[in-house]
Amino acid sequence: MEVYFDNSATTVVLPQVSDLVCKVMTEDFGNPSSMHIRGVEAERYLRTARGQIASAMKVSEKEIFFTSGGTESDNWALIGGAMANRRRGKHIITSAVEHAAVRQPLLLLEELGFEVTVLPVDAAGHVDPGRLADALREDTILVSVMYVNNEMGAVEPIEEIGRIIKAYDPAILFHVDAVQAFGKYRIYPRNLNADLVSVSGHKIHAPKGTGFLYVKEKTKIRPIILGGGQQGGMRSGTDNVPGAAGIGLAASLACEDLEEKAACMRSLKDRLEAGLREIPDVRINSGSDEGSAPHIVNASFTGIRSEVLLHALEDRGICVSAGSACSTNKKLPVSPVLKELGLPKDALESALRFSFSTLNTPQEVDYTLEVLRELVPMLRRYTRH
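Here we summarise the structure given alongside this text. Note that the coordinates shown come from a computational prediction; the quantities given were computed from them, not determined experimentally.

1. Some words on the packing of helix H10 (residues 306-315) against helix H14 (residues 362-381)
Moving on, step 1. Axis separation between H10 and H14 bottoms out at 11 Å; the angle between their running directions is 135°. Of the possible angle classes, the one that applies to H10 and H14 is oblique. Both H10 and H14 take part in a crossing whose hand is right-handed. Residue-level inspection shows Val308, Leu309, Ala312 and Leu313 of H10 in contact with H14, the latter providing Val371, Leu372, Leu375 and Leu379.
Moving on, step 2. Each residue belonging to the contact of H10 with H14 can be placed in one class, and the counts come to eight nonpolar, no polar and no charged.

2. So, the sheet that holds strand S10 (residues 296-301)
Moving on, step 1. If you trace the three strands from one edge of the open sheet to the other, you get S9-S10-S12, paired in antiparallel fashion. Each edge of the open sheet is held by one strand with a lone partner, namely strand S9 (282-284) and strand S12 (351-355). For this sheet, the mean inter-axis angle between neighbouring strands, taken without regard to orientation, is 30°.
Moving on, step 2. Sheet analysis places S9 next to S10, joined by three bridges and oriented antiparallel. Its bridge partner being in S10, Arg283 is matched across the sheet by Ser300.
Moving on, step 3. Set on the sheet, helix H9 (residues 258-276) makes contact with S9, S10 and S12; between it and S10 the angle comes to about 15°.
Moving on, step 4. Strand contacts of H10: S10 and S12, with the helix running at about 40° to S12, the strand carrying the most contacts.

3. Observations concerning the nonpolar core
Moving on, step 1. Formed by 68 residues in total, the largest nonpolar core has its most connected members in Met57, Tyr147, Phe182 and Ile187.
Moving on, step 2. Summarising the domain contributions, this core has at least three residues from each of domain 1 (3-11 + 258-380) and domain 2 (15-255).
Moving on, step 3. Contact partners of Phe182, with chain neighbours within four places excluded, come to Ala56, Met57, Ile187, Val199, Ile204, Phe212, Ala251 and Cys255.

4. As for the sheet that holds strand S2 (residues 64-67)
Moving on, step 1. Spatial strand order, S2-S8-S7-S6-S5-S3-S4: seven strands in an open sheet with mixed pairing. Of all strands in the sheet, those bounded by a partner on one side alone are S2 and strand S4 (115-119). This sheet shows a mean twist of 20° between the axes of neighbouring strands, independent of strand direction.
Moving on, step 2. Alignment of strand S7 (residues 196-200) against strand S8 (residues 211-215), held across five bridges, turns out to be antiparallel. The residue of S8 that forms the bridge with Ser198 is Leu213.
Moving on, step 3. Of the strands in this sheet, S2, strand S3 (91-95), strand S5 (140-144), strand S6 (173-177), S7 and S8 touch helix H3 (residues 70-84), which is tilted by about 160° from S7.

5. Things to note about the environment of Asp257
Moving on, step 1. Assignment of secondary structure puts Asp257 in the loop between helix H8 (241-254) and H9.
Moving on, step 2. Each C-alpha atom, one on Asp257 and one on Gly183, is 9.9 Å from the other, the two residues being 74 residues apart in sequence.

6. A few points about the pattern of salt bridges
Moving on, step 1. By the definition in use, this model includes 18 salt bridges.
Moving on, step 2. Residues Asp28 and Lys23 are paired through a salt bridge, measuring 2.6 Å at the closest nitrogen-oxygen approach.
Moving on, step 3. The exposure class of Lys23 is partly exposed, given its relative accessible area of 33%.
Moving on, step 4. Connected through shared salt-bridge partners, Lys23, Asp28, Arg38 and Glu41 make up one network.

What counts and what doesn't
- Residues numbered from 1 in each chain as written.
- Predicted model: local features only at pLDDT ≥ 70, side-chain atom pairs only at ≥ 80, totals over all residues.
- Heavy atoms only, no water.
- Axes fitted to C-alpha atoms, helices over the stretch in contact; angles between N-to-C directions.
- Helix = DSSP H or I, 4+ residues; strand = E, 2+ residues; numbered from the N terminus.
- Parallel < 35°, antiparallel > 145°, perpendicular 65-115°, else oblique.
- Left-handed = near helix turned anticlockwise from the far one by under 90°.
- Contact = heavy atoms within 4.5 Å.
- Nonpolar A, V, L, I, M, F, W, Y, C, P; charged D, E, K, R; others polar.
- Pairing = 2+ DSSP bridges.
- Core = buried A, V, L, I, M, F, W, Y, C linked by side-chain atoms within 4.5 Å.
- Buried < 20%, exposed > 50% of the residue type's maximum accessible area, 1.4 Å probe, protein only.
- Domains from an automatic or database assignment.
- Salt bridge = Lys/Arg side-chain N within 4 Å of Asp/Glu carboxyl O.

Set out below in structure tokens:
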């Protein structure tokens, strides 16, 4: 049996999405900036995709901007938002468990003279809204907190954070990295008081290299990609029409029967966690309640290094992750997210992430548990102490 439990790294493209992308690439291949019929057809795909995303998020089509993925969306939100508002202040707030696509731009902004306050999290990975309230200042211009942590699935109190920010100062920009949340939760920016929301296509069964940034109307943000003036001058570069069509359809499909899909994923999560608890010396690092996402299980297997168990599972047809796909870079360093939670060294070095999609089945979970019950004791016997 082949089991793919690494959906937080990337998802398979759905057949209907793949068919649409292929059609746009090979048949309706025009440049939307062209004035002839091919260009008009291409522009129609962009409008349709914007409409699909806007409908899913209950926002205006003109508030959706296509990007190359979550990383670009995060970079644009942070750098573009900070640079456009730097005359009001240079203070930014974020959390200690953000994705590298947020951490790295903030390091750049610090080099450019901005001050960044990093909020700690509790043992479950959650930001304390009270700490955020205390960190707000007159010169605060931007707050960036992810909706769902990509490594251990902690769901941050985004709605409460948004209310606190806007009650303090409506001019402060609130950016939400929703890369791991879109398709698992209803993302309505207005309910979240969010000015900027980042989404990645390949996490929701669209092609890699696709994404979008929601930018609330009248939000002050500078473009960071300049050139031909596409997307109203906000994001230059020839439009990726096949990608936009793909992510538009995928976003629409992800939001159909969303609650039922999320419930199915949570049932898989519960099933896996219940089985893991029966294996001696396995520590479940991710939460099991509503404060944790329905599709992510992070667990440590005491006495076995992550990469050893990962490859042993791979040999049995099971694909999992040893952390964020964007941070491991094949070297498997200690996760800064799990380290922030205060996990002991052995737990840090033995952690694996299992992440689901709606395409996974209970039978796959049962097979994975069967293999783990066989492999874990065997690998521990051969571990050098």
